[in-house]
Every structure is written in structure tokens, then in C-alpha cells.
Amino acid sequence: MIVLKDILYKVTINAVVGSTSITVNKIEFDSRQIKVNDVFVAISGTVTDGHNYIEKAIKDGAIAIVCERLPENLEDGVTYIEVANSNQAMAYMAANFYEHPSENLKLVGVTGTNGKTTVSSLLYQLFKKAGYKVGLLSTVKIMVDNTTYKATHTTPDSLTINKYLQMMNDEGVEFCFMEASSHGIHQSRTEGLHFTGGIFTNLSHDHLDYHETFAEYRDVKKTFFDQLPKEAFALSNMDDKNGLVMLQNTQAKKYTYALKNYADYRAQILENEFSGLLLKLNESELWTRLIGSFNAYNILAIYGTAELLGLDKVEILRLISELENVSGRFQYFISEEKITAIVDYAHTPDALKNVLETINSIRTKNEELITVVGCGGDRDKTKRPKMAHIASALSTKVIFTSDNPRSEVPETIIEDMEKGVEPQNYKKTLSITDRKQAIKTACQMADAKDIILIAGKGHENYQEIKGERFDFDDYKTVQEFLKQLQK
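All residue numbers refer to positions counted from 1 along the written sequence of the respective chain. Two thresholds apply to this predicted model, a pLDDT of at least 70 for residue-level local features and 80 or more for giving and counting side-chain atom pairs, whereas whole-chain, interface and lining totals are computed over all residues. Only hydrogens and water are removed before side-chain values are computed, so all heavy atoms of the structure are retained for them.

## Points about the packing of aromatic side chains
Any two of the Phe, Tyr and Trp rings considered here, Trp counted by its six-membered ring, make a pair once their centres fall within 6.5 Å; the pair's planes then place it as stacked at under 30 degrees, edge-to-face at over 60, or tilted in between. Under the counting rule described, the total for this entry stands at twelve aromatic pairs. For the pair F127 and Y132, a centre-to-centre distance of 5.9 Å together with 45° between the ring planes defines the contact as tilted. Only protein chains enter the accessibility calculation, which uses a 1.4 Å probe; a residue whose area is less than 20% of its type maximum is buried, one above 50% is exposed, and one in between is partly exposed. Residue class for Y132 comes out partly exposed when judged on its relative accessible area of 26%. Ring plane angle 45° and centroid distance 6.0 Å describe the contact between F294 and F330, whose orientation is recorded as tilted. With a gap of 36 residues between them, F294 in helix α8 (residues 293-308) and F330 in the loop between α9 (313-321) and β19 (331-334) connect regions that are remote in the sequence. Three or more aromatic residues joined by ring pairs make a cluster, and in this case those are F127, Y132, F175 and F177. Over the aromatic face of Y164 sits the side chain of K163, whose NZ or CZ is 4.9 Å from the ring centroid. Only Lys NZ and Arg CZ are tested; either one counts as a charge over a ring when it is within 6 Å of the ring centre and within 35 degrees of the ring normal. Note that K457 overlies the ring of Y462, its terminal NZ or CZ placed 5.0 Å from the centroid. Strands are runs of DSSP state E lasting at least two residues, helices are runs of H or I lasting at least four, and both sets are numbered from the N terminus onward.

Listed below in C-alpha cells is the structure:
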């Protein structure tokens, strides 16, 4: 039990009704989880408004309510705290409740459109190999040193973040790497945390269903760097036109990385093959099993971060050479029939373009490049024709299919995509609504030495259709179909 006023430190309060000297059990923003003596934080979400559940929360035992609008009828014996922003209030309350766990380790946030999962996951892998106890908060999974927990959001809610950070404290974790999504930053989930550093990967078309303009999307990312403390570091990609924007107002120490421009950490691609990359990184040569120019950027971010966190330069180079691909990020295998299958999370126009350009830079052009791709339902519709345009322009054959259609009709999503195909590329395209059938067809179309790219879902092991999640794994599916062809 903890005193309410102790967890309200730094919260911007407009009004208080009742006593803040009461003891409370825990904080909840989901009214279904409320128990006796809990604090209920009413959050105005994109789907439901927590203010509609205040009465229910009190009936279930809530002793304090944190909200942006006081209800008309106030219950005796219940404390009401009116705040300017419930998300922000909960972030500070969570940090206070869990005794500021981020201050007891070195927390690094990774933000950008593409590369967040790869950079954070590879940093976790590198520091583990270096012998440290490490934490990870990512789209793919949450790691408390050696223990794995399921991830439900790119950036979890502030209560969940602080809970896991406290668990990391208990395990003696020294470093934690965390994805910071634009949704998470906008919803104040990263506030109240003490960051040792921040990394900017890149910025391209995404989430314009949530952020109404690209400028707003960019500016939300920028606020993450604006809030970094002066003793932290901010590491930014100088080859992205928004790289300098991220650093404009930050108090943190500024560092840069690039392949094309002058930067603190520079690399040159000497060799790019399916077996890996040979890089000249600053003055040293480095071989890595990671593939493509987009991974050269990821490696620069990892190298710079590891050095800024105090690791030895030679040791970092050795450890990078041992790193393995992250699940669903350019994850590939070659079948007995010599067909190369690649599964990648590329679900934005820029990410898809990067992956296809990487494959085209490696392949001999004597083989087919067959791409299977879809777009998610209930998400930014403006990227659908762009994704189809890129896929049809940079592949020899394309199959448009379902991704996670969610509540939308899959055929409608595919029709939106097809609008982006230029006339000269019509003959390359095929539309198969069922994703499993689309992958099977790609496997049947492929001959020896051909390449199949299955894009969009990567590590996800489900498909979301009409509110239900069904088991589905791109990597396992393509493996099974290619094995069947061997018989």
C-alpha cells in the first residue's frame, strides 16, 4: 500500500476533491481490473473513453479517480483528481509507484519509422554477448535479462513499462533498450522515464491514420529528443532529411551516423551479398551476417550506441560480427530446390523499397523475384497504392494478398493497392485474398535460384480477421510449402 499524494509527484493537477492522504493499492486504467482501494485513471482513448467507466470503477472498489473531467455526481469517500492530461498523469504516477526504476539502469530509447525493433533487439543481443544483464522492450518481445515475456504493443503503456523496469532492477539489469513508437510518445508513455540515450533511425510514410499529417508525425518523434536530459546522448541518422530536426532543441549530447554524409560514425559498404555485409566502419573493416544498406545504418546505430555506453571499440566490432538476424527481419533460408525465401516485416513504403532494392542489388537478374505483399486493415489507407507501386515496379512478379484485414473487407484493401500499379506492370500482378494460398502460389511459381519475398508481417504469428486472431506464421508457411515441392 502507498499514500496517494506520494504517487502524484510531478502530476499537473487542476483540482482535488477529497483527501490525497489515503492509502491506495495499485493504479489501473482498465476498469475491468479494478479491485478494492485501487486508483482508476480515466483515459480518453482512440476507441473508448475511460471517463464512461468511472462509476463502474467505483462500484468495483476504486478509492481514487484520476480524470480530465470531473463527473457530475461525486461519491462520498472517493478522492477525485482532475488533471490536464490523464496519459501524462499516469506516466508520472507509474514512475512514482514503482520507485523510478529507469534511474537504476541505463535506458536507451530507439525511435523512427523503420529499424526500431532491429536496433533495440541487436543491442540487447550485443550487450548480452558482452556479458551484461540486459533488458529489452520491443515489438517482438520483452526480455528481463534471460526471461521472455510476450509483447502486445511496440511501446507498452506506462504502467507496464515501469513494472518491467522494476523487474529488471530486481534482476540486476544494467542496460535496457526500448522501442519508442510515435503512438507511445504522443500518449506520454515514455514520460517520467530517465533515458541515458536516444537513437533516431529514419522517418518515412507511416501512421498517417493516427497522425493527421507527416509534419505532426515528425514533430511527435522530435518531442522524444526534446525531453532527453542534458547528461544523455542523442544519436541521429544524418542521411535522413529529418536527422538534424531531431537534434535541434535537445539538451542531450549530439552524435550522428551516416553512409553518405559526414558524421561521427561513418560506414562504407564494400561488399553486399546474401551471406552478409563487408563494411568499412570509421577506420575499421567489419564483416556481419546482416544484409543490405538498411542494416548498414542499423549497425552504425548499434556501434555508436555501444561506444557511447562505454564498450571498447575493438570488442564492439567483434560482437557485431557475431550478431544474428532478428526474427522476421530479412529472415531467409534456401530450400533444397535452391529457391531463396525471405520473410520481412516491411509494412511501410520505405521499408518495402529498401528490402526490394537490397535483393535487386544482390541478385543476378537471371532469376525471378516474386513478392507476396498486403496492407493492414483499419490503418493508413494512403500507403496502400504506394506499397503496390513499389512492389510491382521492383519485382518480376507480385501477388497482392491479405495482411491483417481486421474489420475491413480484404478485397477492398487489395483494390486500394491495385490503384498504385502502373500500366506497364499490370501483367506482373496477381491478387489472391487468402494469404496462405498466396504464399503457396508463390512457391509453385518459383524455380531453382528464384527469390520469394513475403513482406508485411515478419515476426507476427497470427492474422487478425474480423476481431479474431488466427494462428499464422509466414516463415513456417513458406517453409512447409517449399518442403512439399521437394517431394
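## Let's talk about the confidence of the model for the protein
Confidence scores per residue from the predictor, reported as pLDDT, run from 0 to 100. Here the protein shows a mean pLDDT of 94. Residues at 70 or above account for 98%. In this model, residues 207-211 is a region of pLDDT below 50 whose contacts with residues beyond four sequence positions or in other chains number 21 contacts. Working rule for contacts: check all heavy atoms of both residues, and any pair within 4.5 Å makes them a contact.

## Structural notes on the nonpolar core
The set of buried Ala, Val, Leu, Ile, Met, Phe, Trp, Tyr and Cys residues whose side-chain atoms join them within 4.5 Å is what this entry labels a nonpolar core. The biggest cluster of nonpolar side chains holds 41 residues, and the ones touching the most others in it are L126, F127, F177, I199, Y257, I299 and I320. Among the elements that line this core, the one with the most residues is α8, at eight residues. The contacts of I299, once residues within four sequence positions are left out, are L277, L279, L281, L286, T288, L290 and I320. In this structure, A180, L228, A234 and A258 belong to the second largest nonpolar core, which totals 32 residues.

## So, the pairing of strand β12 (residues 175-179)
Burial runs high along β12: five of the five residues are buried. Burial along β12 is two-sided: the residues F175, F177 and E179 and C176 and M178 are all buried. By this definition, two strands are paired if DSSP reports at least two bridges between them. Bridge count for strand β8 (residues 106-111) against β12 is five bridges, and the pairing is parallel. Bridging across to β12, G109 finds its partner in M178.

## With respect to the sheet that holds strand β6 (residues 64-67)
Remark on secondary structure: sheet strands pair via backbone hydrogen bonds, oriented parallel or antiparallel. What the five strands build is an open sheet, ordered β2-β7-β6-β5-β4; its pairing is mixed. Since the sheet does not close on itself, it has two edges, and those belong to β2 (13-17) and β4 (27-28), each with one partner. With four bridges joining them, β2 and strand β7 (residues 79-83) adopt antiparallel strand pairing. From the neighbouring strand, V17 faces β7, where its bridge partner is Y80.

## Considerations on α8
Working rule for helices: expected span equals 1.5 Å times residues minus one. The end-to-end C-alpha distance of α8 is 23 Å, a good match for the 22 Å that 16 residues give at a rise of 1.5 Å each. Burial of α8 is extensive: 13 of the 16 residues sit out of reach of the surface. Downstream of α8 by one or two residues, G310 has phi in the positive range, about 100°.

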